[in-house]
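# Summary of the model geometry
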Amino acid sequence: DAATNAVMSITSVRPVALAGGFVEVNVFVTNVSNVHAYELYLNVAGGDSGTFELESISVDSKKKNYLFSGSNVIPAIDKKGKRVAVISWNDGRGIAAGSQAYLATFKYKVSPDASGKFQVTIDSQKSYMSDANVQNIAYNASATAEITVRSSDIDRTNIKKRNSGR
């Protein structure tokens, strides 16, 4: 059964972020069939100091590899609950994806005091996919988006050094 081979993965748009800046991660699924709906939650852990605060969640339906491309969908973004759910109204037929299909983008504000390596992962206890019969589709959550945060003070120090020579 293709559904049991389904893999949900996550990648960071950039592996390095500045403290006080922003970071984006994309969620994908591969080897899945008959998807009618999905809901995603991500977890952030690690770092030596600071936090990632959820800034926004988006579903870019214009991406070529969007799972529900060409389908009528209802996305529901719950920023306070830190989740997104999408339902496809595709005449009761589920959607299949063999290769990597895009699901959503989560954007985080990196706190000014953040430093170290942070890991963003899919919360497999809260995230799910379901078929047209509202049956859960089994999947493996793989890949951690690891993001290294560099202090923005380093940049300010270098600018001050360059400017002090004038």
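Just so we're clear, the structure is a prediction, and the values are computed from it rather than from any experiment.

### Concerning the sheet that holds strand β10 (residues 101-110)
Strand order across the open sheet formed by five strands is β6-β10-β3-β1-β13, with mixed pairing between neighbours. Unpaired on one side and paired on the other, β6 (52-58) and β13 (140-142) mark the two borders of the sheet. If you compare each strand with its neighbour and ignore which way they point, the axes differ by 25° on average. Inspection of the sheet shows β6 paired to β10 by six bridges, in the antiparallel sense. Within β10, the residue paired with E53 across the bridge is K109.

### Observations regarding the environment of V35
Positionally, V35 belongs in strand β4 (residues 32-35). For the pair formed by V35 and N133, sequence separation is 98 residues and the distance between their alpha carbons is 9.8 Å. Among all residues touching V35, those that are not within four sequence positions of it are L67, F68, G94, I95, M129, S130 and I137.

### Some remarks on the pattern of salt bridges
The full count for this structure, using the stated rule, is two salt bridges. As a salt-bridge pair, R83 and D78 come within 2.8 Å of each other at their nearest N and O atoms. Assessed through its relative accessible area of 26%, D78 is described here as partly exposed. Overlapping salt bridges bring together E39, D78 and R83 as one network.

### A word on unusual backbone geometry
Although it is not a glycine, N31 sits at a positive phi angle of roughly 50°. Mapped onto the elements, N31 comes out in the loop between β3 (22-30) and β4. A relative accessible area of 38% means that N31 is categorised as partly exposed.

### Regarding the confidence of the model for the chain
Looking at the chain as a whole, its pLDDT mean stands at 88, while 87% of the residues score no less than 70. Confidence drops under a pLDDT of 50 for residues 156-163, and excluding neighbours within four residues, the segment shows zero contacts in the predicted structure.

### Quick word on a nonpolar patch on the surface
Side chains of I74, I87 and W89 sit close together on the surface and give an oily, nonpolar patch of about 290 Å² of accessible area. Here I87 shows up in strand β8 (residues 83-89). The partly exposed category is assigned to I87, whose relative accessible area is 32%.

The rules we used
- Every residue gets a number counted from 1 within its own chain, in the order that chain's sequence is written.
- The predicted nature of this model means local features are confined to residues of pLDDT at least 70 and side-chain atom pairs, given and counted, to a pLDDT of 80 or more, with totals for whole chains, interfaces and linings taken over all residues.
- The basis for every side-chain value is the complete set of heavy atoms in the structure, and neither hydrogens nor water enter the calculation.
- Only strands that DSSP links by at least two bridges are regarded as paired with each other.
- Numbered from the N terminus, helices here are DSSP runs of H or I no shorter than four residues, and strands are runs of E no shorter than two.
- Axes here mean lines fitted to C-alpha atoms, for a helix over just the part in contact, with angles spanning 0 to 180 degrees between N-to-C directions.
- Contacts are residue-level and defined by heavy atoms, with any inter-residue pair within 4.5 Å sufficient.
- In what follows, salt bridge is the name for a side-chain nitrogen of Lys or Arg lying within 4 Å of a carboxyl oxygen of Asp or Glu.
- Exposed residues in this analysis have more than 50% of their type's maximum accessible area, buried residues have under 20%, and partly exposed residues fall in between, with area computed by a 1.4 Å probe over protein chains only.
- Known as pLDDT, the predictor's confidence for each residue is given on a scale from 0 to 100.
- Patch membership needs two things, relative accessible area over 30% and no salt bridge, and members are linked within 9 Å if like-charged or within 5 Å if nonpolar (Val, Leu, Ile, Met, Phe, Trp, Tyr).
- Surface accessibility follows the Shrake-Rupley procedure with a 1.4 Å probe radius. Residue values consider only the protein chains on display as shielding.

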